[in-house]
Structures are given as C-alpha cells and as structure tokens.
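Here's the letter readout for the chains.
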Amino acid sequence: MTDPIKTDCLIIGAGPVGLFAVFELGILGLSAHIVDNLDKIGGQCSELYPDKPIYDIPALPECTGLSLIENLQKQIKPFNTPIDLNDRIDEIRQEQNSWFVKTTQGKEFITPNIFIAGGVGSFEPRKPPIESVTKYEGIGIRYSVPDKNYYLNKNVVIFGGGDSALDWTVELSKIAKHITLIHRRDEFKAVNHTVEQMKQLVSEGKVTLYTKNQIADANGNDDHLSSVSIKSTDGEIKSIDCDEVLIFYGLKMELGPINDWGLNLHEKQIQVNTEDFQTNLPGVFAMGDISYYPGKLKLILSGFHEAALAAQEAFRRARPDEVLTFRYTTSSTDIQKKLGVK
Ligand SMILES: Cc1cc2nc3c(=O)[nH]c(=O)nc-3n(C[C@H](O)[C@H](O)[C@H](O)COP(=O)(O)OP(=O)(O)OC[C@H]3O[C@@H](n4cnc5c(N)ncnc54)[C@H](O)[C@@H]3O)c2cc1C
C-alpha cells in the first residue's frame, strides 16, 4: 500500500475556478493537486458550452468556453500541478490539523487545505430511460457537443426545448446537412431571440420542427445509428433518418458525496464566510458556483476572487511559522521567479 499523497491543497474540481485556484496558490509557493470526475478539465465551460462566447471576463472582451480554459491552463503551466481526471472525491476525514481525502479510485491524500470548486456537483445529463437510446450512447447519441465540426454535413436530430437545444439548433444549422428539432411541448424555454432565429430557419427549410413529440426508440445496426422513432402526444409514431442525435433534457445537479461531509448547506450550495471563503469545517474552503453567501453571483469572475482570498488563508494553515506578505505580480521578483519569468 502506498502512502497518501501530501499536498498543500487538494482541489476538488477542474472547472475555471479550480484551475485559477492553482495560480493563486502557486504564486504564494503552495503546491496543489486537482481531482475531477469528468474526463476533461474545464467544468461547465468545456462540458456545456465549449464553442459559445463569453463576454464578461475582465480584460478579455470575448472568448469561448474552451479558449478560456486553454488560457487558464497556460497560466498555471509553470506550477506543473497534477490533475487526476475520471476520479471523484468521495470521503474527507479530519486528522488533527490536516484532512485525509479518498477518491473513488482509492487514491489517498493528506492536506491541510481542501478547496471545493465542485460547481454544481457531479453533474449528469438527464437521459431518457429507453434501452435502445442507452445502446447508442457515444455512437450516434450524445448529450453535449464536444466539437461542433463533428456535425459538418450530417443529418442531426436535436431533442429539447431549452437554451442548449435551441442554441445548438441555430449554431449547427450553419454547418450540418439538415437539423430536425423535436420538443415535447409547443412553447420553448429559451431566450426569445434564439426562438425567433430557430423559427426563421424552419421557414427557410433549414430546420424541420416537430413539437408535442418525444424520443421513443433508436434504430440501427450494432455500431451505427440510422434513425430515431418519435412519438406524438396523440400516440402517432414517426421514424426519422439521421446520422447523429443530440439530447438536451437538462442536467441533474447532484452534490453527491459532498452532502455527507458535515458541511453547512444552503439548498445545493455550501455556506462560506466572505473573509476567506472557509466553510464551517476548518481548512475546507468552497468557491465558484458551489459556494453560497448573501449576494452570491454564479459568475466565473466571482469564483476567481473567492479563490484569491481562500489561497491567503490556505497559506497561513500550510505555513503557520511563516509571515505572508502581500505582493503585486508586477513588482515581485519572487512571484516572477515562480512563474518562470526571465
Ligand atoms: C450555457 C452557460 C453559459 C454560461 N455563460 C457564462 C458567462 O458568460 N459568464 C460567466 O461568468 N459564467 C457563465 N456561465 C457560468 C459558469 O460556467 C460557471 O459560473 C462556472 O463554470 C463555475 O465554475 P466552477 O469552477 O465553480 O464550476 P464548474 O465549471 O461547474 O466545474 C466544477 C467541476 O467540479 C467537478 N466535481 C464536482 N464534484 C466533484 C467531486 N466530488 N469529485 C471530483 N470532481 C467533482 C465537476 O465534474 C466539474 O468539472 C455559464 C454557464 C452555462 C451553463
């Protein structure tokens, strides 16, 4: 059996906030280790909207979800922080002034600080409970768009009536061969402008729309999807030939194991103080979408601020005998050395 890994800070979640926390810890000279249960870094930015523009990151007039994450990755490169993907933090246990942490894969850590940057928890797309749909998952049926160019010249069927379904209908109609949008109601829960864009595409024949219909079945051979069957509220079944299917029925936002760690919760968020973003457990901090305090805004920029303040307190816990001096990156040669600036 190997000894637990020692780190100054264990970060739960490789979303934008967990990644930026590495920077804030790194410039103070603290080591970090990130664990994320998804198969890629970037949290919601990579999973839910990699190609969509973001306009409210300070000093970055426009970036996409993906380019923001690529830039963060570049910014934390000097620190060589290990990032374990496809693993989940299941258990945390206090041991004197430190925390023992265990993952689903059985990895163990000892650390004075835990940063919970778990966003909406371990989020999972809602999936229709249909056996044939499960069979074609990943080979024709998907719940997110990892790369929009994958849909070039393809016949795509999109299910859903919210922002994701409508946004992707509009976006993919620019490159796909044809889009069929299917929604179980007549009304859409998306911004008016996108609904109008979609209706315009329908009138131009670029999108075919079926309302009051739901997915009923998926058909094809062992490794290739060729059509989906839809069922109307009147019980009528129709088959639609397609290459690819995207289902946007929303996400299940579950805190999962975080629920069991004795943290004070506010609905599905973790209560923190606004001085250092510590929770009710000493050395356990929460930041980004998962943290709650009066006035909280679930914005990336709020998470960045929270990470910066939490890192200061994390330093005091990891280096109790050292004095923390506030320094600007512009003028501190010590910080610049850590960043590899020559
Ligand atoms: C469509 C859309 C558009 C948006 N546009 C904007 C915008 O324009 N501007 C803006 O500021 N914000 C925007 N947001 C919100 C923004 O994406 C979030 O505020 C941001 O992603 C929060 O970052 P985070 O790091 O806190 O969490 P997340 O990005 O949610 O990342 C959390 C990570 O933690 C992991 N995790 C959770 N629990 C565990 C566990 N137990 N073990 C291991 N890993 C775990 C998850 O897998 C996930 O990868 C948008 C969101 C959406 C959905």
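What counts as what
Residues numbered from 1 in each chain as written. Predicted model: local features only at pLDDT ≥ 70, side-chain atom pairs only at ≥ 80, totals over all residues. Helix = DSSP H or I, 4+ residues; strand = E, 2+ residues; numbered from the N terminus. Buried ≥ 20, exposed ≤ 12 C-beta atoms within 10 Å, placed from the backbone. Contact = placed C-beta atoms within 7 Å. Near = placed C-beta within 6 Å. Nonpolar A, V, L, I, M, F, W, Y, C, P; charged D, E, K, R; others polar. Pairing = 2+ DSSP bridges. Domains from an automatic or database assignment. Core = buried A, V, L, I, M, F, W, Y, C linked by C-beta atoms within 7 Å.

**What to know about the overall build of the protein chain**
(1) Moving on: Helix and strand counts for the protein chain come out as 8 helices and 24 strands.
(2) Moving on: With the C-alpha coordinates aligned to their principal axes, the bounding extent of the protein chain is approximately 70 × 45 × 40 Å.
(3) Moving on: Out of the 342 residues belonging to the protein chain, those deemed buried represent 37%.
(4) Moving on: Taking as baseline every contact in the protein chain between residues at least 6 positions apart, the subset at least 24 positions apart corresponds to 60%.

**Here we look at the site of the ligand**
(1) Moving on: The environment of the ligand is formed by 36 residues, the closest being G13, G15, G43, G119 and G288.
(2) Moving on: For the shell around the ligand, the secondary-structure elements that each account for two or more residues are α1 (16–26), α2 (43–47) and α7 (300–318).
(3) Moving on: Each residue belonging to the shell around the ligand can be placed in one class, and the counts come to 18 nonpolar, 13 polar and 5 charged.

**Quick notes on the sheet that holds strand β21 (residues 265–266)**
(1) Moving on: Spatially, the 3 strands line up as an open sheet ordered β21-β22-β24, and their pairing is mixed. Each edge of the sheet is formed by a strand with only one pairing partner; in this case those strands are β21 and β24 (291–292).
(2) Moving on: As paired strands, strand β22 (residues 269–271) and β24 are joined by 2 bridges and run parallel to one another. Pairing of I270 across the sheet is with S291, part of β24.

**A look at the pairing of strand β7 (residues 89–95)**
(1) Moving on: The sheet contact formed by β7 and strand β8 (residues 98–103) spans 6 bridges and is antiparallel. Residue pairing across strands places I89 opposite T103, the latter belonging to β8.
(2) Moving on: The loop that links β7 with its antiparallel partner β8 comprises 2 residues; one of these, Q96, has a positive phi angle of about 50°.

**A closer look at the domain arrangement of the protein chain**
The extent of an interface is frequently quoted as the accessible surface area lost upon association of the parts.
(1) Moving on: Splitting the protein chain by domain gives domain 1 (5–123 + 252–338) and domain 2 (127–249).
(2) Moving on: Averaged C-alpha coordinates put domain 1 and domain 2 at centres separated by 35 Å.
(3) Moving on: In this complex, domain 1 contributes 5 residues to the contact, which on the side of domain 2 involves 4 residues.
(4) Moving on: Among the residues making up the side of domain 1 that touches domain 2, the classes are represented as 2 nonpolar, no polar and 3 charged.

**Observations concerning the nonpolar core**
(1) Moving on: The biggest cluster of nonpolar side chains holds 52 residues, and the ones touching the most others in it are I11, A21, I114, F115, I116 and M287.
(2) Moving on: The element best represented in this core is α7, accounting for 8 residues.
(3) Moving on: Beyond its immediate stretch of four places on either side in the chain, M287 contacts V17, A21, F115, A117, F277, G303, E306, A307 and A310.
(4) Moving on: In terms of nonpolar packing, the next biggest core, distinct from the first, is built from 33 residues, V156, I179, A190 and V245 among them.

**Thoughts on the environment of R126**
(1) Moving on: Considering the arrangement of structural elements, one finds R126 in the loop between β11 (122–125) and α4 (131–135).
(2) Moving on: Taking C-alpha positions, R126 is 5.6 Å from Y249, a pair spaced 123 residues apart along the chain.
(3) Moving on: When sequence neighbours within four positions are dropped, the list of residues in contact with R126 reads Y249, G250, L251 and K252.

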